[in-house]
Amino acid sequence: ILSGLEFDLIVLDVMMPGEDGMTLCRDLRQTIQTPILLLTAKGETDDRITGLEAGADDYLAKPFNPRELIARINAILRRTQHIPQMDAFAGKIVRFAHLELDFDGRTLIDSDGMRTLLTSGELKLLTLLLEQPRTVLNRDALLEMSTGRSAGPFDRTIDNHISRLRRKIEQDVLRPRVISTVRIGGYCLACDVEILS
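First, a word on scope: everything that follows refers to the structure included in this document. (Residues numbered from 1 in each chain as written. Predicted model: local features only at pLDDT ≥ 70, side-chain atom pairs only at ≥ 80, totals over all residues. Heavy atoms only, no water.)

1. Regarding the overall build of the protein chain
At step 1: Helix and strand counts for the protein chain come out as seven helices and 11 strands.
At step 2: Of all intrachain contacts in the protein chain linking residues separated by at least 6 positions in sequence, the fraction that spans at least 24 positions is 52%.
At step 3: Split by element, the accessible area of the protein chain, about 10,900 Å² in all, is 51% carbon and sulfur. (Helix = DSSP H or I, 4+ residues; strand = E, 2+ residues; numbered from the N terminus. Contact = heavy atoms within 4.5 Å. Areas by Shrake-Rupley, 256 points an atom, 1.4 Å probe, with all protein chains shown as cover.)

Encoded structure:
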């Protein structure tokens, strides 16, 4: 349906007739990198996590103030539209662990040549880790730098983002070796980083 069309951002309603927005989000994420904001009448934590795991960049529960929708759209666009220009990895291939990252293509390439597309949020989070390998990065700082918002009490958003990223990076998600969890501290890229070009 979207073939040949370009968008800055897609707003998807989860409760669409026919194919639901969550499924469409998953399908879109396989082929495009465009930021996705999900709208839904369900505001429970599990629903938000499911939406983020489906590949959404943000999630807004109904009813909402139209000004909040505009603010969230603007925040997503600020985070996603400038990543390649702002980062030292723009135009580069970056090698780490068993992977290479084609930064501009937002694509991971493993040792078997398998290619995996990253969302804009996953790319930003991975970039933060690649910029400071073997350094423990605080959860709250990671959240603020990758999403532009501060963590609330008991906020698990960054843990969910790391979990989603690990599924694309780790050879064994149950025993992660690339992104390690540091108890109380946060997360750390547990390998060296080499810029190839």
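2. A closer look at the packing of helix α5 (residues 120–131) against helix α7 (residues 157–169)
At step 1: Packing of α5 against α7 leaves a shortest axis separation of 10 Å and a crossing angle of 90 degrees. Of the possible angle classes, the one that applies to α5 and α7 is roughly perpendicular. Residues E122, L125, L126 and L129 of α5 pack against I158, H161, I162, R164, L165, K168 and I169 of α7. (Axes fitted to C-alpha atoms, helices over the stretch in contact; angles between N-to-C directions. Parallel < 35°, antiparallel > 145°, perpendicular 65-115°, else oblique.)

3. What to know about the side chain of T107
At step 1: In this structure, T107 sits in strand β6 (residues 107–110).
At step 2: Classification of T107 by relative accessible area gives buried; the value is 9%.
At step 3: Reaching out from T107, the side chain makes a polar contact with the backbone oxygen of G105 at a distance of 2.7 Å.
At step 4: Filtering out sequence-adjacent residues up to four positions away, T107 remains in contact with E100, L101, D102, R115, T116 and L117. (Buried < 20%, exposed > 50% of the residue type's maximum accessible area, 1.4 Å probe, protein only. Polar contact = N/O pair within 3.5 Å; in protein donor to acceptor, adjacent residues only side chain to side chain.)

4. Details of the sheet that holds strand β2 (residues 36–40)
At step 1: With parallel pairing, the three strands of this open sheet are ordered in space as β1-β2-β3. Two strands lie at the open edges of the sheet, namely β1 (10–13) and β3 (58–61), each paired on one side alone. Across the sheet, the axes of successive neighbouring strands diverge by a mean angle of 25 degrees, strand direction being ignored.
At step 2: When β2 meets β3, the two strands line up parallel, connected through four bridges. (Pairing = 2+ DSSP bridges.)

5. A closer look at the side chain of D159
At step 1: Mapped onto the elements of the fold, D159 is located in helix α7.
At step 2: Classification of D159 as buried rests on a relative accessible area of 10%.
At step 3: A distance of 2.5 Å separates the side chain of D159 from the side chain of Y187, its partner in a polar contact.
At step 4: The residues touching D159, leaving out its near neighbours within four places in the chain, are R139 and Y187.

6. Examining the sheet that holds strand β5 (residues 99–102)
At step 1: Ordered in space as β7-β6-β5-β4-β11, the five strands form an open sheet in which the pairing is antiparallel. The open sheet has two edge strands with one neighbour each: β7 (115–117) and β11 (193–195). Averaged over neighbouring strand pairs, the angle between their axes works out to 25 degrees when direction is ignored.

7. Brief notes about the nonpolar core
At step 1: With 26 residues, the main nonpolar core has F96, L101, L126, I169 and I179 as its most contacted residues.
At step 2: Listing elements by their share of this core, those giving two or more residues are β4 (93–96), β5, α5, α6 (139–147), α7 and β10 (186–189).
At step 3: If one sorts the elements of this core by residue count, α5 sits on top with six residues.
At step 4: When neighbours within four sequence positions are excluded, F96 is seen to be in contact with L101, L108, L126, L130, I169, V178, L189, C191, D192 and V193.
At step 5: Core analysis: the next-biggest nonpolar cluster, separate from the first, contains 11 residues, I10, C25, L38 and Y59 among them. (Core = buried A, V, L, I, M, F, W, Y, C linked by side-chain atoms within 4.5 Å.)

8. Some thoughts on the environment of G91
At step 1: Inspection of the secondary structure puts G91 in the loop between α4 (83–86) and β4.
At step 2: For the pair G91 and D104, spaced 13 residues apart in the sequence, the C-alpha separation amounts to 5.6 Å.
At step 3: Residues contacting G91, with those up to four places away along its chain left out, are D104 and S197.

9. Some words on unusual backbone geometry
At step 1: The omega torsion of the bond from K62 to P63 falls at -10 degrees, within 30 degrees of zero and hence cis.
At step 2: Assignment of secondary structure puts P63 in the loop between β3 and α3 (66–81).
At step 3: Its identity is not glycine, yet A97 carries a phi of approximately 50 degrees, on the positive side.
At step 4: Assignment of secondary structure puts A97 in the loop between β4 and β5.
At step 5: Notably, R134 is not glycine yet its phi reads approximately 60 degrees, a positive angle.
At step 6: Along the chain, R134 falls in the loop between α5 and β8 (137–138).

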